[in-house]
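# Residue-level structural notes
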Amino acid sequence: MPGQKEVTIYDLAKELNLSAATISRGLKDSPSISKATCKRIQALAAKRGFQINSFARNLRQNKTHIIGVMMHELNTSFMVSVLSGIEKVLGKTEYDILIAHSAEQGETEITNARNLFQKRVDGVIASLALDTPNLDHFNCFTEKNIPVVYFDRVEEQGGGAKIVVDNYNSGYQVTEHLIKQGCKSIVHLTSNLARNVYKRRYDGYRAALSDYNIPFRPEQLIVCHLDEANSRAATTAMLKMNPKPDGLFAAGDFAASICILALKEKGIKVPEDIAVAGFNNDAVSTIIEPHLTTVNYSGFTMGEIAARLILDHLNGKQDISITNTIIMNAELIVRPSSQRIKSAK
């Protein structure tokens, strides 16, 4: 009933004529209590709807057994797979997950960090928003020896444990592939170059152009939010360039797919007129026609690694407060969207 008083250990103790300490031990199946007494205690607890106050118990132990997960978005298959990896590891432990979503807003991320700190989380796994200014809002955690693991979107010069994909080499490989398909005028569609993932992919793109003696033109770099409206606008801008591009490397699969749709609507053939490649191997890459050339790396594995690092620190196996970067390999997956030169069978 609404307003009904919560049943306590003392209520159970009074009804069974036992001490509160005996009730507590019986609820935990302590070997110091007979099995018959444990059954009596647990049967009454179930009948009366008794709930163990784990929050109060955890606070007495100076632990909440909660790991905060700060994510910049939740609507991509990559981020969902990262979360699945985290849950697989932590789901086998006594730790629960508390998700905080910044929606790509640095100010929201700062507020989320403050809220997680106030909730006394035992650790944090974080991927930074597009416009996160610095890591100052994580200082409260490091000052209290609360471990923080950054993944995918990180501050490369900042301290702490980081897990990233090899964005530079992947960006190079995508661009090199387009060049080997005959592309000589390649546009790079990307987002905020202050973020490591986009900066390093761009660096790889520039390096490949240089190595193959293809001049870079500033107008071939389009920086924007990689949403539908901006991707369509980028396609329009691309088609006005002189010389007209014959290749597009988009830093995300969604943006690349929108560009393919927009190009086809304008009568441009993919890949014959413009070869297109993306990044992340999101589900959309095998839905769009032609299927999208992309870069694959395991978000699930990234989540598993992040969770294990947190656990190792909390269990005293590893101090992750020392700067430590794990670089994951990635794989170029070639699909029809970029195959202008068919391989011989």
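The paragraphs below set out a description of the structure included in this document. Per chain, residues are indexed from 1 in the order of the written sequence. Local features in this predicted model are restricted to residues whose pLDDT is 70 or higher, and side-chain atom pairs enter the listing and the counts only when it is 80 or higher, whereas totals over whole chains, interfaces and linings include all residues. Think of the side-chain values as coming from all heavy atoms in the structure, minus any hydrogens and water.

### Considering the nonpolar core
- Take the buried residues of types Ala, Val, Leu, Ile, Met, Phe, Trp, Tyr and Cys, join any two whose side-chain atoms come within 4.5 Å, and each joined set is a nonpolar core. Exposure categories follow from relative accessible area, calculated using a 1.4 Å probe and restricted to protein chains: below 20% of the type maximum is buried, above 50% is exposed, and the middle band is partly exposed. With 41 residues, the main nonpolar core has Val 149, Phe 151, Ile 163, Leu 178 and Ile 186 as its most contacted residues.
- Strands are runs of DSSP state E lasting at least 2 residues, helices are runs of H or I lasting at least 4, and numbering of each runs from the N terminus. Elements supplying a minimum of two residues to this core: β1 (66-71), α5 (77-90), β4 (148-151), β5 (161-165), α8 (167-180), α9 (196-211), β9 (275-277) and α12 (299-314).
- Per-element accounting of this core gives the leading share, seven residues, to α5.
- Ignoring sequence-local partners within four residues, the contact set of Val 149 consists of Val 124, Ile 125, Ala 126, Ala 161, Ile 163, Ala 306, Leu 309, Ile 310 and Ile 320. In this analysis, two residues are considered to be in contact whenever any of their non-hydrogen atoms come within 4.5 Å of each other.

### As for the environment of Ala 251
- Structurally, Ala 251 can be placed in the loop between β8 (247-250) and α11 (253-265).
- Those residues in contact with Ala 251, other than ones at most four positions away along the chain, are His 188, Leu 189, Thr 190, Tyr 198, Arg 201, Leu 226 and Phe 279.

### Structural notes on the packing of helix α1 (residues 9-16) against helix α2 (residues 20-27)
- Look at α1 against α2: their axes get within 8 Å of each other, and the N-to-C directions meet at 105 degrees. The pairing of α1 with α2 is recorded here as roughly perpendicular in orientation. Counting all contacts with α1, which are made through Ile 9, Tyr 10, Leu 12, Ala 13 and Leu 16, the residues of α2 involved are Ala 20, Ile 23, Ser 24 and Leu 27. For helices, the axis comes from a line fit to the C-alpha atoms of the stretch in contact; other axes are also lines fit to C-alpha atoms, and the angle between any two N-to-C directions lies between 0 and 180 degrees. The labels follow the angle: roughly parallel below 35 degrees, roughly antiparallel above 145, roughly perpendicular from 65 to 115, and oblique for the rest.

### Structural notes on α11
- The end-to-end C-alpha distance of α11 is 18 Å, a good match for the 18 Å that 13 residues give at a rise of 1.5 Å each.
- Every buried residue of α11 is accounted for by Asp 253, Ala 255, Ala 256, Ser 257, Ile 258, Cys 259, Ile 260, Ala 262 and Leu 263.
- On its buried side, α11 packs onto β6 (186-190), α10 (228-239), β8, β9 and β10 (294-296).
- Immediately beyond the C-terminal end of α11, within one or two residues, lies Gly 267, with a positive phi of roughly 80 degrees. In this scheme, a helix's expected span is set at 1.5 Å multiplied by one less than its residue total.

### What to know about the sheet that holds β6
- DSSP calls a pair of strands paired once it identifies at least 2 bridges connecting them. One open sheet holds the four strands; their spatial order is β7-β6-β8-β9, and the pairing between them is parallel. Looking at the sheet topology across the chains shown, the edges are occupied by β7 (221-223) and β9. Averaged over neighbouring strand pairs, the angle between their axes works out to 15 degrees when direction is ignored.
- In terms of strand pairing, β6 meets β8 through four bridges, oriented parallel. Counterpart to Ile 186 in the pairing with β8 is Gly 247.

### A closer look at the pairing of β4
- Burial along β4 is two-sided: Val 148 and Tyr 150 facing one way and Val 149 and Phe 151 facing the other are all buried.
- Bridge count between strand β3 (residues 123-126) and β4: three bridges; the pairing is parallel. Its bridge partner being in β4, Val 124 is matched across the sheet by Val 148.
- Relative to β5, β4 runs parallel, the two being bridged by three bridges. Across the sheet, the residue bridging to Phe 151 is Ile 163, located in β5.

### Structural notes on the sheet that holds β1
- Pairing within the open sheet is parallel, and its six strands lie in the order β2-β1-β3-β4-β5-β11. Where the open sheet ends on each side, the last strands, each with one partner, are β2 (96-101) and β11 (324-328). Neighbour-to-neighbour, the strand axes of this sheet turn through a mean angle of 15 degrees, independent of strand direction.
- Its contacts with the sheet put α12 on β1, β3, β4, β5 and β11, and the angle it makes with β5 is roughly 170 degrees.

### Digging into the side chain of Asn 167
- Relative to the helices and strands, Asn 167 is located in helix α8.
- A distance of 2.8 Å separates the side chain of Asn 167 from the side chain of Arg 201, its partner in a polar contact.
- Aside from chain neighbours lying at most four places away, what touches Asn 167 is Val 197, Arg 200, Arg 201 and Phe 279. Two N or O atoms form a polar contact when they lie within 3.5 Å of each other; inside protein one atom must be a possible hydrogen donor and the other a possible acceptor, and for residues adjacent in sequence the pair counts only when both atoms belong to side chains.

### Some points on the packing of aromatic side chains
- Only Phe, Tyr and Trp rings are paired, with Trp represented by its six-membered ring, and only when their centres lie within 6.5 Å; those with planes under 30 degrees apart are stacked, over 60 edge-to-face, the remainder tilted. Across all of its chains, the model carries eight aromatic pairs by this definition.
- Here Phe 78 and Tyr 297 contribute two aromatic rings whose centre-to-centre distance is 5.2 Å and whose plane-to-plane angle is 55 degrees, an arrangement assigned as tilted. With Phe 78 in helix α5 and Tyr 297 in the loop between β10 and α12, the pair connects residues that are 219 residues apart, well separated along the chain. With respect to class, Phe 78 is no different from Tyr 297; both count as buried.
- A connected cluster of aromatic rings, assembled from ring pairs, spans Phe 117, Phe 138, Phe 141 and Tyr 150.
- Note on geometry: a ring has a charge over it if NZ (lysine) or CZ (arginine) is within 6 Å of the ring centre and within 35 degrees of the ring normal. We note Arg 206 situated over the ring of Phe 216; from NZ or CZ to the ring centre the distance is 3.9 Å.

### Topic: the pairing of β5
- Where burial is concerned, most of β5 is hidden: five out of the five residues are buried.
- Residues of β5 alternate between two faces, with Ala 161, Ile 163 and Val 165 on one and Lys 162 and Val 164 on the opposite face, all of them buried.
- Taken together, the five bridges between β5 and β11 define a ladder with parallel strand orientation. Bridge pairing links Lys 162 to Thr 325 in β11.

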